[in-house]
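Take a look at the letters that make up each chain.
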Amino acid sequence: MTFRHKHILGTRRFSEQDITLILDTAESFKEINAREIKKVPTLRGKTVVNLFFEASTRTRTSFEIAEKRLSADAVNISASSSSVVKGETLEDTAKNIEAMHPDIIVIRHAASGAADYLASRLNCSVINAGDGAHEHPSQALLDLFTIRQHKKRLKGLTVTIVGDIAHSRVARSNLFALTTMGAQVRVAGPGTMIPPGIEKLGAEVFTRMEDALRGADVVMMLRIQLERQGRHLLPSLREYARFHGLNREKLALAQKDALVMHPGPMNRGVEIASEVADGPQNVILEQVENGVSVRMALLYLVSGLAPENT
Amino acid sequence: MKTVIKNGRVVDPGPGRDESLDILIEDGVISRVASSLPDAGAEVIDARGMVVAPGLIDIHVHFRDPGQEYKETIATGTRAAAAGGFTAVACMPNTAPVNDTLAVTEYIKNRAAADGCVRVYPVGAITKGLKGETLTEMGELSTGGCVAFSDDGKWVADGDLMRRALEYVRPFGVPLLTHAEDTSLTAGGVMNEGFVATDLGLRGIPWVAENAAVYRDVMLAALTGARVHVCHISTLGSVEILRSAKKAGIPVTCEVTPHHFTLTEEAVRGYNTQAKMSPPLRTSEDIEALHRGLQDGTIDVIATDHAPHHGDEKNVEFNLAHNGIVGLETALSLTLRLVEKKILTLSQALSKMSLEPARALSLPGGELREGAPADIVIFDLERKWIVDPRRFHSKSRNTPFGGWELKGVVHRTLVAGKTVFSGSGATASCSEGK
């Protein structure tokens, strides 16, 4: 089984075999992260540029650690304002970086399609670390990895995603990946945050969060962006917490052993109550931990080395 | 100076003529249309196997002159028009400065007289600076040459202001053109709202943004009795609103662009900025409704919304890309696809590109009757060509139709009897003025 993708742009294009290979590869890397000397020479001599146009702590750090543990040379660029302020285009910024011969560019950008844009214009591999409201494939894959670790399978599971589905790249990437793996995906959120046509992408839409939770194997809460309140989308965070926040009572509607997940950063008391965020069913920090293994797998697979060489 | 166009298939939608005839042109005017006209002492244009029709009229172009000459000028825009078979265009006022004063109108007219090779009719702004706040001096502008008024690209959001504009302009007998999109409902969207936008994570523009704006402006036409022409309709709902408005006798006309009746929102996939338009490309249901609207006469006019942009303005992230495409050099062929699909007859198609636009803005042209100015297009209906944007006469190359194989090649375009374009690419007479 070989990996035929040069870029990781989104989970939309992945087959069941692709995703299984990524998760299995991540599994084999997981052990490295528990060693005393957490470094292997796999990507020695490779240069990876983390090109972040949006603020990010968790994803950028996770990629950087993954790169360093594989012995790649990691360079971080926070381009959030510099190039835009100087009037440079995204293509020019990327071409300038490419002129220095990186092997992989990891990009985070506020515009949907930014990763596709780079991939169609550059020769090196591009990994999408989040583009607008489009995709965040590494997040979804680490979510699947975490679910599989606990449930030993993905097929046949019911996963409920709650929150701002319309503006969430995490929701889209999870929806594509989970349905490809044979899981049932339910989405719930305020009416203003359910995008039209989402059911055609394989999601079952619920207007009441309680109905969406009933019998779920996994509950995935999305971060609510605080600036959305009062701007037509949301009357108040208080109201949001009441109707779409996860607390112990609502969680009781799901399976007893349902996992509670959150991509972070959490707004405690808004989309998730602390009693649940810190409760026995939460796997939120495991998600973060697994993120490193999954990103190591992605970096390794796009670098074109055969899996047998691990 | 005499010219005879021999043996062509003369299609004149006004009288419904479609037969093999000759046309005699004397001093820029059609003097006779008959079979076997003598050609002694005349320049002879052999149109055997070709369609000879009234010169096409595009009532919606952006020539970017003055102000954005790096995208297009009146010189290059009119050459693109001539190459596409057009003999007259109406150019929108969103130039820099905006065409909201007589000085700008005069500039456009003078520039067209000096550098243009087809007739150029300026459209003035409804409000100063297109800001939607105060009316322009529409009286002076219309007597000075503006054939219509529009805040194109922007809807006049203030309903009372639009009402007053219609009441004010009515005695001058020129229509207001409306870019009907309620921007409070488009809300930062960059493509049609729906499944594809959700899939791509792009913010959508719902159909209601257009329908609601069309409805308001149609009702204002009913209230004031002034003529409203709705630009580039794109939705099923707009077709239905206009159909019932016309049935009720409200003085409205409307247009559709070739791209809106040809492409769906699927063209955006891959974040293709060449498919980014305002209004956005819609769904196949909308396209079917547009076809029916063209067929039953609800949609009067086919106009291009020729919107040249520099490559750099499209080679960016999708949400930053400018709206619009160039259309003058592909419009005829894309419209002929509707003839091939039997949605329109050839005569209907040509009518919507000549006679009907002339009527909508009360312009001369659109007919081949004796005594009319000899504005004529001669084209090969069957000949195929591949769209190569690098060969456009327009200064800009922004089109989603690059590489498409289309039928219908313009052989010659005449304005007032003078050849302004011929199939070999000669536009020699352009610089002499029309």
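Keep in mind it's a predicted model, so treat the numbers as computed, not measured. (Residues numbered from 1 in each chain as written. Chains lettered and ligands numbered in written order. Predicted model: local features only at pLDDT ≥ 70, side-chain atom pairs only at ≥ 80, totals over all residues. Heavy atoms only, no water.)

### Concerning the overall build of chain B
When its secondary structure is counted, chain B shows 14 helices and 18 strands. Rg of the C-alpha trace for chain B: 21 Å, near the compact-globule value of 22 Å for 434 residues, within the 12% margin. Here the C-alpha coordinates of chain B stretch approximately 65 × 45 × 45 Å along the principal axes. The 434 residues of chain B split such that 63% are buried. The contacts in chain B between residues at least 6 apart in sequence include a share of 75% that link residues at least 24 apart. (Helix = DSSP H or I, 4+ residues; strand = E, 2+ residues; numbered from the N terminus. Rg over C-alpha atoms; globule rule 2.2 N^0.38 Å. Buried < 20%, exposed > 50% of the residue type's maximum accessible area, 1.4 Å probe, protein only. Contact = heavy atoms within 4.5 Å.)

### Points about the overall build of chain A
Each helix and strand in chain A was counted, giving 12 helices and 9 strands. Evaluated residue by residue, chain A yields a buried proportion of 58% over its 310 residues. For chain A, restricting intrachain contacts to residue pairs at least 6 apart in sequence, the fraction spanning at least 24 positions comes to 73%. In the form shown here, chain A has an accessible surface area of approximately 13000 Å², with 50% of it arising from carbon and sulfur atoms. (Areas by Shrake-Rupley, 256 points an atom, 1.4 Å probe, with all protein chains shown as cover.)

### Things to note about the confidence of the model for chain B
Parts of the model with low pLDDT should not have their predicted coordinates read in detail. Of the residues in chain B, 97% reach a pLDDT of 70 or more, and the chain-wide mean stands at 96. Across the whole predicted complex the pTM is 0.94, and at the interface the ipTM reaches 0.91. (pLDDT = per-residue confidence, 0-100.)

### Side note on helix α1 (residues 74-83) of chain B
Residues and elements named next belong to chain B. Burial analysis of α1 places 10 of its 10 residues in the buried class, the great majority of the element. All buried positions along α1 are accounted for by Ile74, Ala75, Thr76, Gly77, Thr78, Arg79, Ala80, Ala81, Ala82 and Ala83. The inward-facing, buried residues of α1 abut β7 (86-91), α2 (102-115), β8 (119-124), β17 (405-415) and β18 (418-422). Just beyond α1, the residue with positive phi is Gly85, at close to 95 degrees.

### Some thoughts on the domain arrangement of chain B
Residues and elements named next belong to chain B. When its domains are assigned, chain B resolves into domain 1 (2-52 + 372-430) and domain 2 (55-361). Each of domain 1 and domain 2 has a C-alpha centre, and these two points are 25 Å apart. Tallying the contact residues gives 37 residues for domain 1 and 48 residues for domain 2. When domain 1 packs against domain 2, close to 3300 Å² is buried across both sides, 66% of that on carbon and sulfur atoms. The interface formed by domain 1 and domain 2 contains 2 salt bridges. For the salt bridge of Arg119 with Asp375, the shortest nitrogen-to-oxygen distance reads 2.6 Å. There are 19 residue pairs in polar contact (both at pLDDT 80 or more) connecting domain 1 and domain 2. For the side of domain 1 that touches domain 2, the elements supplying multiple residues, two or more each, are β1 (2-12), β16 (376-386), β17 and β18. Here the side of domain 1 that touches domain 2 gets 7 residues from one element, more than from any other, and that element is β17. (Domains from an automatic or database assignment. Buried area = accessible area lost by both parts, 1.4 Å probe. Salt bridge = Lys/Arg side-chain N within 4 Å of Asp/Glu carboxyl O. Polar contact = N/O pair within 3.5 Å; in protein donor to acceptor, adjacent residues only side chain to side chain.)

### As for the pairing of β18 of chain B
All names here are of chain B. Here β18 lies mainly inside the structure; 4 of its 5 residues are buried. Of the strand pairs in this sheet, β17 and β18 are connected by 4 bridges, and their pairing is antiparallel. Following the sheet pairing, Val415 is matched in β18 by Lys418. The hairpin turn running from β17 into β18, its antiparallel successor, is 2 residues long, and Ala416 in that turn takes a positive phi close to 50 degrees. (Pairing = 2+ DSSP bridges.)

### Some details on the sheet that holds strand β1 (residues 47-52) of chain A
Residues and elements named next belong to chain A. Spatially, 4 strands are ordered β2-β1-β3-β4 in an open sheet, and the strand pairing comes out parallel. Of all the strands in the sheet, the pair left with one neighbour each is β2 (73-78) and β4 (125-131). On average, adjacent strands in this sheet sit at an angle of 15 degrees to one another, irrespective of strand direction. Pairing of β1 with β2, which is carried by 6 bridges, proceeds in the parallel orientation. Bridge pairing in β2 links Phe52 to Ser78. (Axes fitted to C-alpha atoms, helices over the stretch in contact; angles between N-to-C directions.)

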